[in-house]
Amino acid sequence: AQSVTQLDSHVSVSEGTPVLLRCNYSSSYSPSLFWYVQHPNKGLQLLLKYTSAATLVKGINGFEAEFKKSETSFHLTKPSAHMSDAAEYFCVVSDLGGATNKLIFGTGTLLAVQP
Amino acid sequence: GAVVSQHPSRVICKSGTSVKIECRSLDFQATTMFWYRQFPKQSLMLMATSNEGSKATYEQGVEKDKFLINHASLTLSTLTVTSAHPEDSSFYICSARDDRAILYEQYFGPGTRLTVT
């Protein structure tokens, strides 16, 4: 069985400061991991994905995440927060090689960016 | 590219009626689409996997007779909530897998907010 745990339901940062959104996963297989962002009243947008290539993954809008197998973690970071980064972020795991491509979503982290 | 639309974006219906939600892949073909449900301030829960030309696969605990899924073409899947009740009020989101894309790539629609009165 697969699962993801997002350790913080809410994170608040000041504009221009670093962002860290934490995610731990559990998987019986080599997982594929994703971060999605959901802005209010908008669809989910893929930020980045890990699919067993480089462990440091760079995504859109300056976000990146590092896959650490020893820690079963896939934390999302950004060096400097922007007001437009305020949104809900979901860490997602998928079964590698699974024909169904099921995505298992974490409970989400709401990021607030203070001016 | 890779745009998924949903219609309607919002719908209000009376208890006991049925509501149909459409999910379309606008610029790609999608043999497989997925339907999710999201409660307020909660995560997305996969309801079912929709496959063109065959029956949908429902997740455990999802009533297939209540949530009817039809994937009649490579660009359209529909979810019909039958005999809706207030507890069916939720945000329904679909995603579509691009048949040409690498494995795991799903594109999400903007969601449909259903309110049952």
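Residues numbered from 1 in each chain as written. Chains lettered and ligands numbered in written order. Predicted model: local features only at pLDDT ≥ 70, side-chain atom pairs only at ≥ 80, totals over all residues. Heavy atoms only, no water.

Asks: What should I look at first to understand the overall build of chain A in this one?
Replies: Along the backbone of chain A there are 0 helices and 12 strands. Its C-alpha atoms give chain A a radius of gyration of 14 Å, within 12% of the compact-globule value 13 Å for 115 residues. Summarising its shape, the C-alpha atoms of chain A cover approximately 45 × 30 × 20 Å along the three principal directions. The proportion of buried residues among the 115 residues of chain A is 43%. Put simply, of all contacts in chain A between residues at least 6 apart along the chain, 56% involve residues at least 24 apart. (Helix = DSSP H or I, 4+ residues; strand = E, 2+ residues; numbered from the N terminus. Rg over C-alpha atoms; globule rule 2.2 N^0.38 Å. Buried < 20%, exposed > 50% of the residue type's maximum accessible area, 1.4 Å probe, protein only. Contact = heavy atoms within 4.5 Å.)

Asks: Looking at this structure, I do not really get the side chain of Asp8(A). What am I missing?
Replies: When you line up the elements, Asp8(A) lands in the loop between β1 (3-6) and β2 (10-14). The contacts of Asp8(A), once residues within four sequence positions are left out, are Arg22(A), Gly108(A) and Thr109(A).

Asks: When you look at the pairing of strand β8 (residues 64-68) of chain A in this model, what are you seeing that I'm missing?
Replies: Each regular strand shows side chains that alternate between the opposite faces of the sheet. Residue and element names in this part refer to chain A. Across the two faces of β8 the burial differs, with Ala65 and Phe67 buried and Glu64, Glu66 and Lys68 not buried at all. For strand β7 (residues 56-58) and β8, the ladder comprises 3 bridges, and the chain directions are antiparallel. The partner of Leu56 across the bridge, within β8, is Glu66. In the sheet, β8 pairs with strand β9 (residues 73-78) via 5 bridges, with the strands oriented antiparallel. Directly across from Glu64, in β9, lies its bridge partner Thr77. Linking β8 back to β9 in an antiparallel pair, the connection comprises 4 residues, with Thr72 at a positive phi of about 45°. (Pairing = 2+ DSSP bridges.)

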